[in-house]
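# Observations on the three-dimensional arrangement
What follows is the residue order along each chain.
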Amino acid sequence: MADLPIILGSSSKWRKEVLEEMGIKFTCMSPDIDEKAIRHEDPKQMTLMISRAKAQALLEKIKQPSILITSDQVISCNGEVREKPSSPEECKKFLASYAQHPAECITAVVVTNTQTKESVEGVSIAKQYFKPIPESFMEELIAQGDVMWCCGGFTIEHMEPYLDHLEGEKSNVTGLPKSLTQDLLNRIRK
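Before going into details, it helps to say that this report is about the structure given with it. (Residues numbered from 1 in each chain as written. Predicted model: local features only at pLDDT ≥ 70, side-chain atom pairs only at ≥ 80, totals over all residues. Heavy atoms only, no water.)

For the coordinates displayed, the defined rule picks out four aromatic pairs. Summarising the aromatic geometry, the rings of Tyr-98 and Phe-130 are spaced 5.2 Å apart at their centres and angled 25° between planes, so their arrangement reads as stacked. Pair noted here: Tyr-98 is in the loop between α3 (88-97) and β5 (103-113) and Phe-130 is in strand β6 (residues 119-130), with a separation of 32 residues, a long-range link. Comparing Tyr-98 with Phe-130, the two get one shared label, buried. Judged by centre distance (5.1 Å) and plane angle (80°), the rings of Phe-130 and Phe-154 are edge-to-face. Of this pair, Phe-130 sits in strand β6 while Phe-154 sits in the loop between α4 (135-144) and β7 (163-167), placing them 24 residues apart in sequence. Three or more aromatic residues joined by ring pairs make a cluster, and in this case those are Tyr-98, Phe-130 and Phe-154. (Phe/Tyr/Trp six-rings, centres within 6.5 Å; stacked < 30°, edge-to-face > 60°. Helix = DSSP H or I, 4+ residues; strand = E, 2+ residues; numbered from the N terminus. Buried < 20%, exposed > 50% of the residue type's maximum accessible area, 1.4 Å probe, protein only.)

Listing the buried residues of α4 in full gives Phe-137, Met-138, Leu-141 and Ile-142. The arc that holds the buried residues of α4, viewed along the axis, is 140°, so those residues lie on one side. Across α4 from its buried face, at more than 90 degrees, point the exposed residues Glu-140 and Ala-143. At its buried positions, α4 is contacted by α3. In the stretch just after α4, Gly-145 is the one whose phi turns positive, near 105°. (Arc of directions from axis to C-beta. Contact = heavy atoms within 4.5 Å.)

Tallied over the entire structure, the rule returns zero disulfides. Unpaired in terms of disulfides, Cys-91 finds its nearest cysteine sulfur in Cys-150, a separation of 8.8 Å. Among the residues examined, Cys-91 registers a relative accessible area of 0% and is labelled buried. Under the relative-accessibility criterion, Cys-150 is labelled buried at 10%. (Disulfide = S-S within 2.5 Å.)

At Asp-32, a residue that is not glycine, the phi angle is positive and equals roughly 45°. On the secondary structure map, Asp-32 appears in the loop between β2 (27-28) and α2 (43-59). The phi torsion at Asn-78 lies on the positive side, around 55°, for a residue other than glycine. Summarising the element assignment, Asn-78 is placed in the loop between β3 (67-77) and β4 (80-82).

This is the structure we're talking about:
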């Protein structure tokens with residue numbers, strides 16, 4: 001089973017970068033599901049439910065035996081679950097709040113053997129703390145655009161001067177925790 005091709009069930013450029021950094025060869029497929037239709041009050045459960053739904057949507061399309069990786073992430077800040085900002089104003093509100101409360105990055109990963117339909121899954125959490133972010137920098141970030149496609153409205157790649165400390169893995173903040181993903185790949189290959 002170790003030689004089955006790997007498919008990343010995502011169109012996220014950040015998740016692709018993480019797998020590339022891990023030295024994993026893979027192809028991509030986009031699950032195209034309505035993530036907003038899947039809700040749960042517990043963000044860990046919600047990200048797992050969305051990751052499972054992505055896998056289910058893709059299982060119907062994958063014709064050859066493969067290992068499928070799907071993932072979902074939300075940000076929790078001071079008890080509020082945040083997904084991708086719906087407007088530049090909401091993004092600015094998110095960014096301003098991070099000086100008072102850390103962004104808790106909650107990321108679920110589901111790894112599925114498409115031949116046996118066996119799945120393994122897990123959730124990883126990292127906390128990113130920020131320094132105060134000037135409004136002019138927020139406007140630059142929003143104009144650049146990437147933050148509008150990221151849950152919680154931030155990307156650490158563009159925010160180095162305003163990052164404080166991180167509890168957890170950087171790759172979790174970018175959308176795919178390396179250690180959890182590797183552990184799940186190892187478990188599904190046994």
